[in-house]
Amino acid sequence: MNLAYIPSPSTGVIELGPIPLRGYAFCIIIGVFVAVWFGNKRWVARGGTAGTVADIAVWAVPFGLVGGRLYHVITDYQLYFSDGENWVDAFKIWQGGLGIWGAVALGAVGAWIGCRRRGIPLPAWADALAPGIAFAQAIGRWGNWFNQELYGKETDLPWAVKISEGANRVAGTYHPTFLYESLWCVGVALLVIWADRRFKLGHGRAFALYVAAYCAGRGWIEYLRVDEAHHVLGLRLNVWTAIVVFVLAVVYMIVSAKLRPGREEIVEPAAVEAPKDEAADADGEDGKDGKDGKDGTASGGSTDATDPTDPTDSTDAEGSTDTEDTKTSVPDAAGAGAKEPGDGAGATPQKAEKS
């Protein structure tokens, strides 16, 4: 008898009044928010603008959910389209059933559309989001715990998960493959963060590393699972998918490193052009101010030739001549020395020259 185990919740739904809060959907939503938040931090650090990751996620997330559900329904069609099953259940995504392969594939299509609309390269955006996606998967896997699904073989290990009796399941303690994959995804996220800082991965190679590392773990975790699945040459279909995708990701990293080494210097042209436009506007304003500074009427008003309040002005406001200026020496008609008014008889005072 196993005395130590991880208990499973008695229900996967919490009723908040008339609104049912399903554990599986809650985990998916929290994972999406974490991926967008962390991806935004990495995108800004790469030189992008805040909010771009969220804008593109508006396209990527719906496409990813549809792709994940399609992959699950296609590969497990017997759960919905065989005798005695209700095909309407194929649309009940809250009951579980998202294939990560389809989610990433079709999500990439949505992301490509969003990147095209924003004029940014998809590989750079994927590199920024890669560890966030791994963190999102780590959170989302706990939705399987709420639904008591996708567990592994029977075991008496102290960290086994206890499964209760239910439809298509037998009570007992099993390998918590949801926990294994959750911890593996956290490790993948940390690996991508470290490698990106250490080797400056670019042009989609950080995303390819995430894909390869995830597939490496998914292979052995899938091998432990006991849920119904299609087999090809003795291996579960998802194991073959993990092997093929792993090889493709590794090949991409090698070829990309040779063809396009290094990392993108500019990931979002609009983020670079905006400061230039602001600087140009600022220079334009400075130039206009400088031109105005040369104009006497720019800031100090018009400049008069004479100031009526200036004591040196010989003419007052009414045009009269100041008598004190008559003492100033004035050359005579012959250019001789100056005469002081009053010198000699009959001397006529000269009127002062107006300034």
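Residues numbered from 1 in each chain as written. Predicted model: local features only at pLDDT ≥ 70, side-chain atom pairs only at ≥ 80, totals over all residues. Heavy atoms only, no water.

Peer 1: Just checking my understanding: could you explain the overall build of the protein chain for this structure?
Peer 2: In terms of regular secondary structure, the protein chain is built from ten helices and six strands. Long-range pairs, those at least 24 residues apart, make up 70% of the contacts in the protein chain with a sequence separation of at least 6. Carbon and sulfur atoms make up 63% of the accessible area of the protein chain, which amounts to about 21200 Å² in all. (Helix = DSSP H or I, 4+ residues; strand = E, 2+ residues; numbered from the N terminus. Contact = heavy atoms within 4.5 Å. Areas by Shrake-Rupley, 256 points an atom, 1.4 Å probe, with all protein chains shown as cover.)

Peer 1: Could you clarify how one ought to interpret the pattern of salt bridges in this entry?
Peer 2: Oppositely charged side chains are able to pair whenever their charged atoms sit close together. Scanning the model with the defined rule gives 13 salt bridges in all. Residues glutamate 264 and arginine 46 are paired through a salt bridge, measuring 2.9 Å at the closest nitrogen-oxygen approach. Of the two residues, glutamate 264 is situated in the loop between helix H9 (237-259) and helix H10 (269-294) and arginine 46 in the loop between helix H1 (23-45) and helix H2 (52-75); the sequence distance between them amounts to 218 residues. Relative accessible area serves as the criterion here: at 12%, glutamate 264 is assigned to the buried category. (Salt bridge = Lys/Arg side-chain N within 4 Å of Asp/Glu carboxyl O. Buried < 20%, exposed > 50% of the residue type's maximum accessible area, 1.4 Å probe, protein only.)

Peer 1: Honestly, the pairing of strand E1 (residues 13-16) in this entry has me stumped. Any pointers?
Peer 2: Strand residues, when the strand is regular, have side chains that alternate between the two faces of the sheet. Inspection of the sheet shows E1 paired to strand E2 (residues 19-22) by four bridges, in the antiparallel sense. Each bridged residue has a counterpart across the sheet, and for glutamate 15 the counterpart in E2 is proline 20. With antiparallel pairing between neighbouring strands as the criterion, E1 and E2 make up a hairpin whose turn holds two residues, including glycine 17 at a positive phi of roughly 65°. (Pairing = 2+ DSSP bridges.)

Peer 1: I would appreciate a short explanation of the nonpolar core in the present structure.
Peer 2: One recurring pattern in soluble globular proteins is that nonpolar side chains are buried together. Formed by 22 residues in total, the largest nonpolar core has its most connected members in Trp101, Val188, Val192, Tyr210 and Tyr214. The set of elements that each furnish at least two residues to this core consists of helix H4 (100-118), helix H5 (122-140), helix H7 (177-199), helix H8 (205-224) and H9. Considering every element that reaches this core, the biggest residue donor is H8, with eight residues. Excluding residues within four positions of it along the chain, tyrosine 214 makes contact with Ile100, Trp101, Gln137, Arg141, Glu181, Trp184, Cys185 and Val188. (Core = buried A, V, L, I, M, F, W, Y, C linked by side-chain atoms within 4.5 Å.)

Purely geometric numbers; function is a separate question.
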